Amino acid sequence: MAMNARARSSPTPGGRRKSGPQGTAVVAREDLPAGDRAHGGADGNGAPALVGLTPPFAEQRFPLHPVQNRIGRSADNTIVIDDPGISSEHARIDHDNGHWTVLNALSTNGTFVNGRAVHEAEVRDGDRITLGNIAFEFRLREPESDPRTATAWQRPGIIVGGVVLLSVVVIGAILLL
């Protein structure tokens, strides 16, 4: 199943969709189910994904299949990125034994991980993957579920510690009076 990244047209008067240059159906962003938009896949489980960082794909979420993902302009890719700087089959992202790897598929404009040109490289949560001029962030999970990115008020230990410290200060002040 291909995921089309270009979301520009609306149905024609007969309810039919327009097609892109390679025959890929082009749909309007508002026609996508809410779960398929920027954060949260159709299943809403926060599965590994590429999240667009550059326009026109900024904040679009592309869920990754658990084993292999082909990325490119061609409609037969797992993730279709309709951009002239992307090759028809630009790169692959594979998952094996707990490791995610990005592989350049002989693209014209290259594949980069954190700004470094690669043929093959292991990627980790938060790494920046650039295909041609389009940048994505590789995410293993949604940021809200990662305790390292939670604000101080979202961390229960911080709140309890703050309450205990405040209590000690107040009791100490009362005893000194």
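Higher on the page you've got the structure.
Residues numbered from 1 in each chain as written. Predicted model: local features only at pLDDT ≥ 70, side-chain atom pairs only at ≥ 80, totals over all residues. Heavy atoms only, no water.

A. Here's a closer look at the nonpolar core. Within the largest apolar cluster, 21 residues are counted, with the highest numbers of intra-cluster contacts made by Leu50, Ile81, Ile93, Val102 and Ile129. Only β8 (91–96), β9 (99–104), β12 (120–123), β13 (128–131) and β14 (134–139) provide two or more residues apiece to this core. Ranked by residues supplied to this core, first place goes to β14 with 3 residues. Those residues in contact with Ile93, other than ones at most four positions away along the chain, are Leu50, Leu64, Val67, Gln68, Asn69, Ile71, Trp100, Thr101, Val102 and Ile129. (Core = buried A, V, L, I, M, F, W, Y, C linked by side-chain atoms within 4.5 Å. Buried < 20%, exposed > 50% of the residue type's maximum accessible area, 1.4 Å probe, protein only. Helix = DSSP H or I, 4+ residues; strand = E, 2+ residues; numbered from the N terminus. Contact = heavy atoms within 4.5 Å.)

B. A look at the sheet that holds β13. The antiparallel open sheet is built from 6 strands, whose spatial order is β5-β4-β14-β13-β10-β11. Looking along the sheet, the strands with just one partner apiece sit at the ends: β5 (61–63) and β11 (116–117). (Pairing = 2+ DSSP bridges.)

C. Expanded view of the pairing of strand β4 (residues 49–52). Neither face of β4 is left uncovered, since the one carrying Ala49 and Val51 and the one carrying Leu50 and Gly52 both have all their residues buried. Across 3 bridges, the pairing between β4 and β5 is antiparallel. Looking at the pairing, Ala49 lines up with Pro63 of β5.

D. Looking closely at unusual backbone geometry. A cis amide bond, omega 5°, links Pro55 with the succeeding residue Pro56. Tracing the backbone shows Pro56 in the loop between β4 and β5. Non-glycine residue Asn97 carries a positive phi angle of around 50°. Along the chain, the position of Asn97 falls in the loop between β8 and β9. Judged by relative accessible area, which is 68%, Asn97 ranks as exposed.

E. Main features of a nonpolar patch on the surface. On the surface, a cluster of nonpolar side chains totalling about 290 Å² of accessible area is made up of Leu166, Val170 and Ile174. Considering the arrangement of structural elements, one finds Val170 in helix α1 (residues 156–176). For Val170, a relative accessible area of 41% gives the class partly exposed. (Patch = residues over 30% accessible without salt bridge, like charges linked within 9 Å, V, L, I, M, F, W, Y side chains within 5 Å. Areas by Shrake-Rupley, 256 points an atom, 1.4 Å probe, with all protein chains shown as cover. Salt bridge = Lys/Arg side-chain N within 4 Å of Asp/Glu carboxyl O.)

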